[in-house]
Amino acid sequence: MSLRIGVLGAARIAPAALIKPASAHPSVSVDAIAARSPERAQAFATKHGVPRVHSSYEALIADPDLDAVYNPLPNGLHGRWTRAALEAGKHVLCEKPFTANAAEAREIASLAAGSDRVVMEAFHYRYHPLALRVEEIVASGELGTLQRVETALCFPLPVFSDIRYNYALAGGATMDAGCYAVHMARIFGGETPSVVSASAKLRSPSVDRAMTAELRFPSGHTGRIECSMWSSSLLKISAKVIGSRGSLTALNPVGPQAYHRLSVRVGEARRTEKFPRRASYAYQLDAFAAAVLKGEPVKTSAADAVETMTVIDEIYRAAGLPLREPS
């Protein structure tokens, strides 16, 4: 059995996130691409060895020789084209954030639940051994009763013409970087939190370049997320879980390639755990292929995406900003 994937858009992330890991996977091939223009698609196909080019997104989705679609389009287009792919009977690997807002996520999740197709949000870090190990340690009770979870993804993107600052395409720091921080807080905190407060730094009246938010979990522990695409926190990628007996700190937990480290402190005892240098995108593709070809469950389902998008919407409301809308 094999999994034949088509790519929607000549996105910068596609080579690392899909094409490279697919080249090393015995059951996966990237067989087609469509982009905004045939010339752009052809240039991408030639550079990355994709055998077929379609003239439009619709044509790619209708291709009977494809089993699945990878959707790395701008945020505001995720829902529209995931919906179209599902309706055409295709499995979907959709880049994060899953949709523009929670209402759209619920719509797509309902459509996915009524189908026999795999719909998976591309939170690649979720399939890496580091994330699985953090979950394992928290669940084991080694840290004691959870007290606080703090997650951050900050990186510099001073190119303000970038689509990630475009409100019409559902841009903003909380969408692009913050979705990781929110997802980590949910997963490592063990529950979906509510938002106590949020504060944004703005690039334009509706678009955040940075955001912080205080969270509270149903079991009583608290949390904080920090994200930015341009702020004084130029580079910060971390997660910290604090319990009554100890704490852990994950460095570069969502980085796709290397330098993953986990430090654990319980009482006077301290240890550091290291992880394989295999890219998290490879683990993600393993999971997607196993779900499609073997029926195995995925950790980043459409239902899971609804929870993340609900928190993101709450953060925007608490910060006094409008929700993102589908493009």
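Read on for an overview of the structure. (Residues numbered from 1 in each chain as written. Predicted model: local features only at pLDDT ≥ 70, side-chain atom pairs only at ≥ 80, totals over all residues. Heavy atoms only, no water.)

Focus on the overall build of the protein
Of the regular secondary structure elements, the protein holds ten helices and 14 strands. Against the 2.2 N^0.38 benchmark of 20 Å for 327 residues, the protein shows a C-alpha radius of gyration of 19 Å, consistent with a compact globule. Principal axes of the C-alpha set define a box for the protein whose edges measure 60 × 45 × 35 Å. The buried share of the protein, reckoned over its 327 residues, is 56%. In the protein, of all internal contacts separated by at least 6 residues, the share reaching a separation of at least 24 is 68%. When the accessible surface of the protein is summed, it comes to about 13,300 Å², and 52% of that surface belongs to carbon and sulfur atoms. Computing the positive centroid from 37 side-chain charges and the negative centroid from 31, the protein places the two 7 Å apart. (Helix = DSSP H or I, 4+ residues; strand = E, 2+ residues; numbered from the N terminus. Rg over C-alpha atoms; globule rule 2.2 N^0.38 Å. Buried < 20%, exposed > 50% of the residue type's maximum accessible area, 1.4 Å probe, protein only. Contact = heavy atoms within 4.5 Å. Areas by Shrake-Rupley, 256 points an atom, 1.4 Å probe, with all protein chains shown as cover. Lys, Arg positive; Asp, Glu negative; His and termini not counted. Charge placed at Lys NZ, Arg CZ, Asp CG, Glu CD.)

A look at the packing of helix 1 (residues 14-23) against helix 9 (residues 280-294)
At their nearest, the axes of helix 1 and helix 9 sit 9 Å apart, and the two run at 70° to each other. One finds that helix 1 runs roughly perpendicular with respect to helix 9. When the axes of helix 1 and helix 9 are compared, the crossing they make is right-handed. Residue-level contacts link Ala-16, Ala-17, Leu-18, Pro-21 and Ala-22 of helix 1 to Tyr-281, Ala-282, Gln-284 and Leu-285 of helix 9. (Axes fitted to C-alpha atoms, helices over the stretch in contact; angles between N-to-C directions. Parallel < 35°, antiparallel > 145°, perpendicular 65-115°, else oblique. Left-handed = near helix turned anticlockwise from the far one by under 90°.)

Remarks on the state of the cysteines
Applying the stated rule across the entire model yields zero disulfides. Of all cysteine sulfurs, the one in Cys-227 lies closest to Cys-154, which takes part in no disulfide; the gap is 6.7 Å. (Disulfide = S-S within 2.5 Å.)

As for the sheet that holds strand 5 (residues 91-94)
One open sheet accounts for six strands, arranged 3-2-1-4-5-6; its pairing is parallel. The sheet terminates laterally at strand 3 (52-54) and strand 6 (119-121), the two strands that pair on one side only. Along the sheet, successive strands turn relative to each other by an average axial angle of 25°, direction set aside. Two elements, strand 1 (residues 3-8) and strand 2 (residues 28-34), share six bridges in a ladder whose sense is parallel. For Arg-4, the partnering residue across the bridge sits in strand 2 and is Ser-29. (Pairing = 2+ DSSP bridges.)

Notes on the nonpolar core
One finds Tyr-125, Phe-188, Ile-225, Leu-248, Leu-262 and Ile-315 to be the most contacted residues of the largest nonpolar core, which totals 77 residues. Other than its neighbours up to four places away in sequence, Leu-248 contacts Val-134, Ile-137, Val-138, Leu-143, Ala-239, Lys-240, Val-241, Leu-262, Ser-263 and Val-264. Of all hydrophobic cores here, the second largest spans 33 residues; its members include Ile-19, Leu-93, Met-120 and Phe-288. (Core = buried A, V, L, I, M, F, W, Y, C linked by side-chain atoms within 4.5 Å.)

Structural notes on unusual backbone geometry
Cis geometry is adopted by the peptide bond preceding Pro-97, which originates at Lys-96 and carries an omega value of -15°. Here Pro-97 lies in the loop between strand 5 and helix 5 (102-113). Unusually for a residue other than glycine, Ala-170 sits at a positive phi of about 65°. If you trace the backbone, Ala-170 turns up in the loop between strand 7 (146-154) and helix 7 (173-176). The backbone of Asn-252 shows a phi angle near 55°, a positive value even though the residue is not glycine. Here Asn-252 lies in the loop between strand 12 (246-251) and strand 13 (261-266). For Asn-252, a relative accessible area of 18% gives the class buried.

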